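The residues making up each chain are set out below.
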Amino acid sequence: MTVSGSLHGKTIVLGVTGSIAAFKAVILARRLIERGATVLPVLTAGATRFVGAVTFSGITGQKVAADMWDPEFAGEMHVALAERADLVVVAPTTADLLARAATGRADDLLAALILCARSPVLLAPAMHPRMWDHPAVRANVASLRGQGRIDLVGPASGAVASGESGLGRMVEPEEIVRAIEARLGSSPVPAPVQLHDLSGYRLVISAGPTQEAIDPVRFLGNRSSGKMGFALATRAIARGAEVTLVAGPVSQTTPSGVIRIDVTSALEMKGALESAMPGADALIMAAAVADFRPVHASAIKWKKGHAPQALQLVENPDVLAGLGEARGEARRPVLVGFALETGDREHVIAEARGKRVRKKVDLIVANAAHIALGGDDTEVFLVDETEATAVGHMSKSDSADAILDRTVQLLKQSAS
Ligand SMILES: Cc1cc2nc3c(=O)[nH]c(=O)nc-3n(C[C@H](O)[C@H](O)[C@H](O)COP(=O)(O)O)c2cc1C
């Protein structure tokens, strides 16, 4: 039965590799056929140990291809299949297939077919979080991204087969369908959900205010709600990134899949960011970190009537400027800062320009304090080396997407 014809007339090669998630490929095949696609299943030897070829041929109505050396086939099977494909999707993709695709191996039908493909190729990785985290796998992902011919969708965070939790789980078949529809140009879903343009990237995002203790019950703080940083984390996860969110004291719900570290003071935020940054591709510093802290925080509560004559303040370290300095001439990690200013538009942009140069960062998101603080909407300007782009008055979620669009560009530039 055809539920929707969004993939009508399209031929999709469905590669399946040797992961426990292979059973989900059966559901994916079904969803693609429901949308009118012709699905040609290609199984690795590993995949056949998990799901039988008969299941795939039964669901797709097509012969399962698993053997490049099949003497019954006249011609070159990998070339012929690649020629027929409007898109090749490999779901699940093992660490092994990822490595073979990254290094241009052609040692089985699926790997050879990927090399031959002229169509988009989409890989949906599935593996234990420790495998996904391994430097060799990271390097393969980076290499694939650099080659620019193969896209990744996922992986997602959550429980894996061993019962442990982390990043490595294959995204759900429905999400893969959306990513396929986006590439074949007939998706009813808004673009940002489908893009997965942050797959394989690690982002560190800071959010919210900091509190600088005066005594055990009082602090210096600011009115930041954390909404912008949390909107960025939510959208970055939806676009496929791995996100560590370092949050000051806020009452915001943790977006699903985000690794959240809670901090209180500017010094704690500095420590948390420094431990989160190694291996990160970008830092988006949306937190409103206090510029100053009291020199001494009293160990006991100040009593009424005994207020000190003056509160002596000392400047907090500037984490972003520190990272900008440490990065030197290197282009990674990509560094994005925020500038919140009072005053008119020209003043806000001028301050942001100065801040970008001073802190040696790639992009400053400038906004006016009276709109941005605490509200659901904002109006930002993206100030980079060459220009200040107005992003209009919109929800913080939409604004987050605009900031991430620019971050993706910077990530790509920094890889070239
Ligand atoms: C029970 C079991 C589960 C496995 N799950 C995965 C997995 O989820 N991801 C992965 O990368 N490898 C997994 N492997 C290892 C792969 O099957 C193995 O590396 C194989 O060589 C992959 O070959 P292929 O990519 O050609 O299918 C698993 C192996 C077994 C026995």
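Residues numbered from 1 in each chain as written. Predicted model: local features only at pLDDT ≥ 70, side-chain atom pairs only at ≥ 80, totals over all residues.

A. Representation of the overall build of the protein. Along its length, the protein carries 16 helices and 19 strands. Dimensions of the protein, computed from C-alpha atoms along their principal axes, come out at roughly 95 × 45 × 45 Å. Taken over 416 residues, the protein has a buried fraction of 47%. At a minimum sequence separation of 6, the contacts of the protein that also span at least 24 residues come to 69%. (Helix = DSSP H or I, 4+ residues; strand = E, 2+ residues; numbered from the N terminus. Buried ≥ 20, exposed ≤ 12 C-beta atoms within 10 Å, placed from the backbone. Contact = placed C-beta atoms within 7 Å.)

B. Just the site of the ligand, in detail. Near the ligand lie 15 residues; those nearest to it are Gly18, Ser19, Thr44, Gly46 and Thr94. Of all the secondary-structure elements, those providing two or more residues to the shell around the ligand are α2 (45-48) and α5 (95-102). Ranked by residue count, the leading element in the shell around the ligand is α5, at three residues. Of the residues in the shell around the ligand, the class split is eight nonpolar, six polar and one charged. (Near = placed C-beta within 6 Å. Nonpolar A, V, L, I, M, F, W, Y, C, P; charged D, E, K, R; others polar.)

C. Broad picture of the pairing of strand β4 (residues 121-125). Counting buried residues along β4, five of its five residues qualify, which places the element largely inside the surrounding structure. Across the two faces of β4 the burial is the same, with Val121, Leu123 and Pro125 and Leu122 and Ala124 all buried. As paired elements, strand β3 (residues 87-93) and β4 share four bridges and run parallel to each other. Across the sheet, residue Val89 finds its bridge partner in β4, namely Leu122. (Pairing = 2+ DSSP bridges.)

D. Fine view of the domain arrangement of the protein. Segmenting the protein into domains produces domain 1 (11-195) and domain 2 (202-295 + 311-415). Taking only C-alpha atoms into account, the centre of domain 1 sits 36 Å from that of domain 2. With 10 residues of domain 1 at the contact, the number on the domain 2 side is eight residues. Every element with two or more residues in the side of domain 1 that touches domain 2 is listed here: α8 (135-147), β6 (156-159) and α10 (191-195). If one sorts the elements of the side of domain 1 that touches domain 2 by residue count, α10 sits on top with three residues. In terms of residue class, the side of domain 1 that touches domain 2 is made up of six nonpolar, three polar and one charged. (Domains from an automatic or database assignment.)

E. Representation of helix α1 (residues 22-34) within the structure. End to end, α1 covers 19 Å across 13 residues, agreeing with the expected 18 Å (1.5 Å per residue, within 8%). Residues Ala22, Lys24, Ala25, Val26, Leu28, Ala29, Leu32 and Ile33 constitute the buried set of α1. On its buried face, α1 is in contact with β1 (11-16), β2 (38-43), α2, α3 (53-60), β3 and α9 (173-184). Positive backbone phi, approximately 95°, marks Gly36, located one or two places after α1. (Expected span 1.5 Å × (residues − 1).)

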